[in-house]
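Now for the letters of each chain:
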Amino acid sequence: METAAPQRSAALPCQTGRLGELLIAQGLIGESDLARALDLQGRIGGRLGSVLIRTGALSEDNLLAALGQQLQLPVLGVDLPLPDDDALAAAADQVSAGADWLVDRGVLLWMSVDGEVHCGSRDPLDPVLRELMRHALPGRRPVYCLARSQDVDRLLDGLARRGVAADAGGDAASLREMAEEAPIVELVNNLMAQAVEQRASDIHIEPEERSFSVRFRIDGVLHARLSLPRQRFDAVASRLKLISGMDIAERRLPQDGRLSTRVGGQEMDIRVSALPGVYGESIVMRLLPKERKDLGLARLGFERDHLALMEAWTREANGIVLVTGPTGSGKSTTLYAALAAANDGLKKIITVEDPVEFRLPAITQIQAHADIGLTFASALRSILRQDPDVIMIGEIRDLETAEIAVQAALTGHLVLSTLHTNSAISAFTRLVDMGVEPFLVATPVRAVQAQRLVRRLCSCSRPAASIPEGILAEVSGHAERVLEGLAPAFREAVGCPECLGTGYRGRLGIYEMIPVDDEMRHLIVSGASVEDMKVLAKGQGHRFLRDDGLLKAWQGLTTVEEVLRVVGH
């Protein structure tokens, strides 16, 4: 057992063709990814796996799993438990060169409880490493294993803690040099590839006093992924600033950037935000796939009555349709799906957005640039001279934009836009608060919609849930009318590896949709309260976010707990 693993690995040199074929067979990369990586490898050298990570085609986790299978080597943290700090320190004391030597070469060395010496490294087949081990451990034959870069960095940081912490300062030249080091390039690309593979919408990189953490937002909830030494944060932050077009030396002011790249086999637009904090800049990356094949209204979670309403609204000849909700509630996706539904090839459709999140065929999309004077309002004035039929405004943020949208709707255009409000009906009062006259709100607005996203139950085991009588009574009327007598199928969330133990995988929308009829117009013009408008909407049979969410739970699509988490108790 002591020599079996290294003997097998020594007999299996890293063969790029075999690894590439294995990765393709497992569906982890495509033929084009392999061809691109082999071409780059021919020009810069290095292991194929490292090149695939640098190009964003593969995450390190998937690479190590494939290498472990190909080379019959254990993967640290998967096949072998991670060593503790005491075991690493004890092994370092037995090496004549000491801990600094191990840290400099990125080598983990420890002894297991049964007396075997283990050696973990990013590249355990490196002949230089093997030669060094023969000199450092005469007469001992370590068991080599594959290790993730973040595990190596974190464990070696503990070993090197007595060293002097890296200087957090540095000029632009030194920061740029750090950002271009191969390990940093691989780390950043690997983080993005992992996020794409795990269906994350955002990556949060947050510095602390002695470390920095990386968290992924998956299905709307943040999940901690790793913690790395604080000394590496400046290089990671500089790398992200460099590739997203920010000022690499500016650390005192907020900055925004963006980049387009291929990550995990997908073409992605990535928006990057850097915000100064006490321990350094908090960096958030929003991942936006350039192509979305699921941009259809029927795929967003609308019930049949809501779907019919939205499809009817997209066929209106003029007027304003507003989609409301907080940041991250899926408003943009709904608008894009509505545009796709309205795009019958007979209409001229123009959008003004900040940023343009998805590219749509046969539609003119304008990116707003406030710093050069291309605001929503100025772009809208020019759009009206382009003879549009449908106009989509990314967000109505101020009175000027709202007034132009109203005028466009009154002159025969269908205007789709978003507002940041908590409910559909509060959109009316929000426009009035901006300064729009109540009669100019009531006349052109055809409908308002509010939405949230709830996590969808995973397909793993979903036992039936017992629901309080109050909840059943609350939703039964809507269920009888909308679901036509469908029996309740409330479920509980039970986790599995596929859903990371959460019990949920993916999200779906819950909606409240309020058409503006004569009665609602009268309340708007007369300055009625939001509560009065809600009473009218409820009396007309419209349901609110909580009602629609409980309908989804009734069907077993999500849980009551998830609905209450999103809309409140």
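Residues numbered from 1 in each chain as written. Predicted model: local features only at pLDDT ≥ 70, side-chain atom pairs only at ≥ 80, totals over all residues. Heavy atoms only, no water.

The protein chain is annotated in an unreviewed UniProt entry as Type II secretion system protein of Luteimonas chenhongjianii. Of the protein chain, the UniProt comment under Sequence similarities (unreviewed entry) reads exactly: "Belongs to the GSP E family." (UniProt positions renumbered as here; feature names shortened; annotations may be inferred.)

1. Structural notes on the UniProt feature "domain: Bacterial type II secretion system protein E" (unreviewed entry) in the protein chain
With numbering aligned to this structure, UniProt lists the feature "domain: Bacterial type II secretion system protein E" (unreviewed entry) at residues 384-398. Taken as a whole, residues 384-398 contains 0% helix and 27% strand, while its terminal C-alpha atoms sit 18 Å from one another. (Helix = DSSP H or I, 4+ residues; strand = E, 2+ residues; numbered from the N terminus.)

2. Remarks on the sheet that holds strand 3 (residues 143-146)
Taken in spatial order, the three strands make up an open sheet running 1-2-3, and their pairing is mixed. Looking along the sheet, the strands with just one partner apiece sit at the ends: strand 1 (108-111) and strand 3. Neighbouring strand axes in the sheet, compared pairwise and without regard to direction, differ in orientation by 25 degrees on average. (Pairing = 2+ DSSP bridges. Axes fitted to C-alpha atoms, helices over the stretch in contact; angles between N-to-C directions.)

3. Points about the state of the cysteines
Tallied over the full model, the rule gives zero disulfides. Summary of cysteine pairing: C496 is not part of a disulfide, and the nearest cysteine sulfur, belonging to C499, is at 3.7 Å. The exposure class assigned to C499 is buried, which follows from its relative accessible area of 3%. (Disulfide = S-S within 2.5 Å. Buried < 20%, exposed > 50% of the residue type's maximum accessible area, 1.4 Å probe, protein only.)

4. Concerning the packing of helix 20 (residues 518-525) against helix 21 (residues 530-539)
Viewed as axis vectors pointing N to C, helix 20 and helix 21 meet at an angle of 175 degrees, and their least axial separation amounts to 10 Å. By the angle between their directions, the pair helix 20 and helix 21 is classed as roughly antiparallel. Here E519, M520, L523 and I524 of helix 20 come into contact with helix 21, specifically with D532, M533, L536 and A537. Residue composition of the contact of helix 20 with helix 21, grouped by class: six nonpolar, no polar and two charged. (Parallel < 35°, antiparallel > 145°, perpendicular 65-115°, else oblique. Contact = heavy atoms within 4.5 Å. Nonpolar A, V, L, I, M, F, W, Y, C, P; charged D, E, K, R; others polar.)

5. Quick word on the packing of aromatic side chains
This model, assessed by the stated rule, comprises four aromatic pairs. Between the aromatic rings of F302 and Y511, the centroid separation amounts to 4.1 Å while the plane-to-plane angle is 15 degrees, which identifies the pairing as stacked. Here F302 is found in the loop between strand 9 (280-289) and helix 13 (304-314), whereas its partner Y511 is found in strand 16 (residues 504-515), with 209 residues between them in sequence. Under the relative-accessibility criterion, F302 is labelled buried at 9%. (Phe/Tyr/Trp six-rings, centres within 6.5 Å; stacked < 30°, edge-to-face > 60°.)

6. A short note on the pattern of salt bridges
Scanning all chains against the criterion turns up 33 salt bridges. Its salt-bridge partner being D354, residue R397 comes within 3.9 Å of it at the nearest N-O pair. With R397 in the loop between strand 13 (390-393) and helix 16 (399-410) and D354 in the loop between strand 11 (349-353) and strand 12 (364-367), the pair connects residues that are 43 residues apart, well separated along the chain. In this structure, E562 and R565 form a salt bridge, with 2.7 Å as the shortest nitrogen-oxygen distance. Placement of both E562 and R565 in helix 23 (residues 560-567) is noted, with a separation of three residues, approximately one turn of the helix. Note on E562: relative accessible area 1%, which makes it buried. Each of E303, D305, R543, D548 and K552 takes part in salt bridges that share partners, so that together they form one network. (Salt bridge = Lys/Arg side-chain N within 4 Å of Asp/Glu carboxyl O.)

7. A look at the nonpolar core
Side chains of nonpolar character tend, in soluble globular proteins, to be buried together. With 43 residues, the main nonpolar core has F428, L431 and M520 as its most contacted residues. Per element, the largest residue contribution to this core is six residues, and it comes from helix 16. Core analysis: the next-biggest nonpolar cluster, separate from the first, contains 32 residues, V188, M192, F212 and L226 among them. (Core = buried A, V, L, I, M, F, W, Y, C linked by side-chain atoms within 4.5 Å.)

8. Notes on the sheet that holds strand 6 (residues 221-229)
Read across the sheet, six strands follow the order 6-5-4-9-8-7 without closing on themselves; strand pairing throughout is antiparallel. Edge positions in the sheet fall to strand 6 and strand 7 (255-263), since each of these pairs with one other strand and no more. Between one strand axis and the next, the sheet turns through 20 degrees on average, direction left out of account. In terms of strand pairing, strand 4 (residues 200-207) meets strand 9 through four bridges, oriented antiparallel. Bridge pairing in strand 9 links I203 to M285.

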